[in-house]
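Listed below, chain by chain, are the residues.
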Amino acid sequence: MNRSTETLIARLADDLIPVRPMRSVSGLALVAAALAGTLFSVWLAGGFWSDMLAGDAAPFFYVTHGLLLVLGLASASAVVALARPSVGNRQDAPKWAAAMVAILPLTVLSIAFVTGAGTAGLVDEHSTHCLTSGIAASALAFVAMAYWLRRGAPVSTQTASLFAGIAAGAIGSFSYGLSCPIDSTAHLGLWHVLPVPICGILGRLILPRLIRW
Amino acid sequence: MIADETTLSHLMRKSQGGDKAAYTVLLDECASWLQRYFRRRVPPHQLDDLVQDVLLALHNKRESWDAGRAFLPWLAAIARYRWVDHLRKVYRSEADQLEDWDAAEESGEEAVLARLSLERLFVNLPAGQAQVIELVKIEGLSIAEASEKTGQSESLVKVNIHRGLKKLATLIEKAE
């Protein structure tokens with residue numbers, strides 16, 4: 001070992017202070033707190049849809065939100081793991097969860113074209129509001145995951161950024177969706193799912209420069 | 001001697017608790033391990049810089065290691081990350097030629113090293129990309145020289161380097 005490496009080691013050892021190791025449970029607790037905070041904000045802003053709470057919403061409503069929640073949790077778990085590098089650290093669950101959620105808009109579009117209805121019935125007066133609200137509701141989860149990744153040492157920065165965006169989008173859209181009284185297949189399958197890829201793209205574009213180290 | 005996984009994990013646990021003596025031993029062992037890890041993948045005169053770069057990263061990100069997980073795969077992921085970053089920054093310099101130097105005798109950690117090695121990254125690249133990255137970024141040939149040696153056009157050499165480095169970055173944790 002050369003002299004400069006020995007000097008560096010002596011300096012680093014001299015600078016050493018105790019640290020608290022990053023544990024999965026802390027990361028998952030952060031995600032849970034972000035989810036709870038988002039749900040609370042949505043509830044404060046207008047409350048949850050009463051028919052949904054009473055079990056009177058269309059079954060597709062529960063399926064859509066269940067899938068969004070699973071996607072959000074799978075992606076967030078992957079982000080938590082990716083903040084702590086390790087050779088052999090493969091995170092494929094978000095890809096499968098995203099593929100399952102993608103079936104929703106594909107179903108809506110297929111039905112629209114097979115039945116000859118076209119795109120006319122896909123847009124309603126609340127579409128843009130639900131899309132933007134879902135994206136806005138993703139902010140807290142987005143910040144939480146950016147914080148976790150910055151604190152950690154992600155080496156797959158692009159994948160981690162994409163998954164963080166997807167997780168935030170899914171958590172945001174899930175949370176906001178509980179307040180939306182429209183439970184038609186077209187509305188849910190398109191406008192409540194679209195925030196996910198949009199936030200995924202935003203995460204992939206914005207986060208790498210924030211989490212590189 | 002290169003310390004084994006159990007010893008390194010034990011030292012790292014104590015280091016996270018603030019034990020400076022354990023940390024000094026850990027960094028010494030890591031420096032030796034990294035010297036072996038990067039051999040043949042970094043020109044000898046750049047080796048110390050890269051090893052020091054990884055030691056600094058280890059120091060700054062030491063809280064990202066969880067005592068419940070193995071230490072060497074964590075260190076190897078950081079080493080790969082800094083190495084890919086290093087390849088991106090390296091441009092030709094006259095003395096970049098790798099000499100056919102041999103490192104110390106193989107130890108019992110060889111199996112672990114092999115699984116974590118940088119070669120595992122290269123085998124996942126298309127041959128054309130791996131070849132030009134090796135020639136230009138590691139051996140220090142110019143684009144023109146690499147083009148002549150491989151038969152690829154100069155623009156293809158550049159494209160292959162660009163694409164290869166991007167792919168390497170995505171393989172840091174996956175290739176094992």
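Residues numbered from 1 in each chain as written. Chains lettered and ligands numbered in written order. Predicted model: local features only at pLDDT ≥ 70, side-chain atom pairs only at ≥ 80, totals over all residues.

Things to note about the overall build of chain A
For step 1, the next point in the chain: When you go through chain A residue by residue, the secondary structure sums to ten helices and zero strands.
For step 2, the next point in the chain: Beginning at the N terminus, the succession of helices and strands in chain A can be written as α-α-α-α-α-α-α-α-α-α.
For step 3, the next point in the chain: A principal-axis box enclosing the C-alpha atoms of chain A has dimensions of 75 × 35 × 25 Å.
For step 4, the next point in the chain: A buried classification covers 46% of the 213 residues belonging to chain A.
For step 5, the next point in the chain: For chain A, the proportion of contacts with a sequence separation of at least 24, taken over those separated by at least 6, is 86%. (Helix = DSSP H or I, 4+ residues; strand = E, 2+ residues; numbered from the N terminus. Buried ≥ 20, exposed ≤ 12 C-beta atoms within 10 Å, placed from the backbone. Contact = placed C-beta atoms within 7 Å.)

Considerations on the overall build of chain B
For step 1, the next point in the chain: Tallying secondary structure elements over chain B gives nine helices and zero strands in all.
For step 2, the next point in the chain: Traced from its N-terminal end to its C-terminal end, chain B shows the element sequence α-α-α-α-α-α-α-α-α.
For step 3, the next point in the chain: Considering chain B as a whole, with its 176 residues, one finds that 37% of them fall into the buried category.
For step 4, the next point in the chain: For chain B, long-range pairs separated by at least 24 residues make up 70% of all intrachain contacts whose partners lie at least 6 apart in sequence.

Comments concerning the nonpolar core
For step 1, the next point in the chain: In terms of nonpolar packing, the biggest core is built from 54 residues, with Leu71(A), Val79(A), Ala141(A), Met145(A), Leu149(A), Ala164(A) and Ala167(A) touching the most fellow members.
For step 2, the next point in the chain: Contributing elements (two or more residues each) for this core: helix H2 (24-46), helix H4 (59-82), helix H5 (93-114), helix H6 (127-136), helix H7 (139-151), helix H8 (157-177), helix H9 (185-191) and helix H10 (195-211) of chain A.
For step 3, the next point in the chain: With near-sequence residues (within four places) excluded, Ala164(A) lies in contact with Val79(A), Phe142(A), Met145(A), Ala146(A), Leu149(A), Gly203(A) and Leu207(A).
For step 4, the next point in the chain: Of all hydrophobic cores here, the second largest spans 43 residues; its members include Ile9(A), Tyr23(B), Ile78(B) and Leu168(B). (Core = buried A, V, L, I, M, F, W, Y, C linked by C-beta atoms within 7 Å.)

Points about helix H2 (residues 20-38) of chain B
Residue and element names in this part refer to chain B.
For step 1, the next point in the chain: For H2, spanning 19 residues, the distance from its first C-alpha to its last is 26 Å, which sits close to the expected 27 Å at 1.5 Å a residue.
For step 2, the next point in the chain: All of the buried residues in H2 are Tyr23, Leu26, Leu27, Cys30, Ala31, Trp33, Leu34, Tyr37 and Phe38.
For step 3, the next point in the chain: Taken from the residues just after H2, arginine 40 is the one with a positive phi, measuring 70 degrees. (Expected span 1.5 Å × (residues − 1).)

Examining the interface of chain A and chain B
For step 1, the next point in the chain: Of the residues lining the interface, 30 residues belong to chain A; the matching set on chain B comes to 36 residues.
For step 2, the next point in the chain: Sort the elements by how many residues they give to the side of chain A that touches chain B and helix H1 (residues 3-15) of chain A lands first, with six residues.

Here's the deal with the confidence of the model for chain A
For step 1, the next point in the chain: Confidence in the prediction for chain A averages 93 pLDDT; 100% of positions are at 70 or higher.
For step 2, the next point in the chain: Ranking the elements of chain A by mean pLDDT puts helix H3 (residues 50-54) of chain A last with 87 and H8(A) first with 97. (pLDDT = per-residue confidence, 0-100.)

Here we look at the confidence of the model for chain B
Residues and elements named next belong to chain B.
For step 1, the next point in the chain: Per-residue pLDDT for chain B has a mean of 83; in total, 82% of the residues score no lower than 70.
For step 2, the next point in the chain: Residue range residues 91-107 is modelled with pLDDT below 50. Its contacts to residues more than four positions away, or to other chains, number 19 contacts.
For step 3, the next point in the chain: What the predictor reports for the complex is a pTM of 0.85 with an ipTM of 0.83.

Comments concerning the packing of helix H8 (residues 143-150) of chain B against helix H9 (residues 154-171) of chain B
Residues and elements named next belong to chain B.
For step 1, the next point in the chain: Packing of H8 against H9 brings their axes to within 9 Å, and their N-to-C directions diverge by 100 degrees. For the element pair H8 / H9, the angle class is roughly perpendicular. Where H8 approaches H9, its residues Ile143, Ala144, Ala146 and Ser147 are matched on the opposing element by Glu154, Val157 and Lys158. (Axes fitted to C-alpha atoms, helices over the stretch in contact; angles between N-to-C directions. Parallel < 35°, antiparallel > 145°, perpendicular 65-115°, else oblique.)

A short note on H10(A)
All names here are of chain A.
For step 1, the next point in the chain: Along its 17 residues, H10 runs 22 Å from first to last C-alpha, staying within 8% of the 24 Å computed at 1.5 Å per residue.
For step 2, the next point in the chain: If you look at H10, its biggest bend is around 30 degrees, right at leucine 205, and the proline proline 208 turns up within four residues after that.
For step 3, the next point in the chain: Buried-residue contacts for H10 involve H4, H5, H6, H7 and H8. (Bend = angle between axes of the 7 residues up to and from the residue.)

Here's the deal with the environment of Val114(A)
Residues and elements named next belong to chain A.
For step 1, the next point in the chain: Its location among the elements puts valine 114 in helix H5.
For step 2, the next point in the chain: Looking at valine 114, the number of C-beta atoms within 10 Å reads 8, which means it is exposed.
For step 3, the next point in the chain: On a C-alpha basis, the gap between valine 114 and serine 127 in space is 22 Å, while along the polypeptide they are 13 residues apart.

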